[in-house]
Amino acid sequence: MNAEELLKRYAAGERDFRRVNVEGAELRGVNLSEADFSEANLNDAILKESNLRRTIFRSARLEGADLSHSILDEADLSNASLETNLERASLERANLSNANLTGTNFGFTNLRNANLQNACLFEVSLDRANLEGADLRGAMMGETYLYEANLRGALVEGCDLSDSYKRNTIMPDGQVVTDEDAEIETDD
């Protein structure tokens, strides 16, 4: 299915796009809220600046997709594979449980009260991300950047934050932490 057909069917009221293949589709700035893309192939799709509120991407493939600046509040991305760009997106109360987020850019992203239980967060940038109240129980982190991230009130039982990089990071208890060896940016 191509982008034009997908948008035409959505405009006609269809919301069931399970297992659809729209790999590489140009869908920038569209409204696909409340659609169901479970098990769909959206690899390399451009969904930048889109309204994807309450959209279902359960077990979908989104490797290389661009979801930056998009609204994904209350979206279901559980079990999805998302090596993607989510910079400056809003994922408030989104479900990212059991998702493979390796290599994803969450810089400046709103993940307030998001469910990231058992998510794979290796080599992820969460710089300046808002994770206030997020559920990170059992999440796997390694080489994860948390520079100036807000984790106040986050649930972190079973999530090892020791292998992440922190600078001016607000921890769940409200303490601000900077690693001894945190890279310091210079103006040169």
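What you see is a predicted model, and the numbers here were worked out from it, not measured in a lab.

### What about the packing of aromatic side chains?
Working step 1: Summed over all chains, the structure comprises 4 aromatic pairs.
Working step 2: Plain terms: the ring middles of Phe 17 and Phe 37 are 5.4 Å apart, the flat faces sit at 15 degrees to each other, and that makes the pair stacked. With Phe 17 in the loop between α1 (3-11) and β1 (120-122) and Phe 37 in the loop between α1 and β1, the pair connects residues that are 20 residues apart, well separated along the chain. This pair shows no difference in class: Phe 17 is buried, exactly as Phe 37 is.
Working step 3: Between Tyr 145 and Tyr 147, the ring centres sit 5.6 Å apart and the planes meet at 90 degrees, which makes this aromatic pair edge-to-face.

### Some thoughts on the state of the cysteines
Working step 1: Taken as a whole and assessed by the stated rule, the structure comprises 0 disulfides.
Working step 2: There is no disulfide at Cys 120, and the cysteine sulfur nearest it, in Cys 159, is 11 Å away.
Working step 3: Cys 120 sits in the buried class, given a relative accessible area of 15%.
Working step 4: According to the relative accessible area criterion, Cys 159 is buried, its value standing at 10%.

### So, a negative patch on the surface
Working step 1: A cluster of like negative charges, contributed by Glu 83, Glu 123, Glu 143, Asp 160 and Asp 163, occupies part of the molecular surface.
Working step 2: Counting through the fold element by element, Asp 163 comes out in the loop between β3 (144-145) and β4 (164-165).
Working step 3: Judged by relative accessible area, which is 41%, Asp 163 ranks as partly exposed.

Calculation rules
Residues numbered from 1 in each chain as written. Predicted model: local features only at pLDDT ≥ 70, side-chain atom pairs only at ≥ 80, totals over all residues. Heavy atoms only, no water. Phe/Tyr/Trp six-rings, centres within 6.5 Å; stacked < 30°, edge-to-face > 60°. Helix = DSSP H or I, 4+ residues; strand = E, 2+ residues; numbered from the N terminus. Buried < 20%, exposed > 50% of the residue type's maximum accessible area, 1.4 Å probe, protein only. Disulfide = S-S within 2.5 Å. Patch = residues over 30% accessible without salt bridge, like charges linked within 9 Å, V, L, I, M, F, W, Y side chains within 5 Å. Areas by Shrake-Rupley, 256 points an atom, 1.4 Å probe, with all protein chains shown as cover. Salt bridge = Lys/Arg side-chain N within 4 Å of Asp/Glu carboxyl O. Lys, Arg positive; Asp, Glu negative; His and termini not counted. Charge placed at Lys NZ, Arg CZ, Asp CG, Glu CD.

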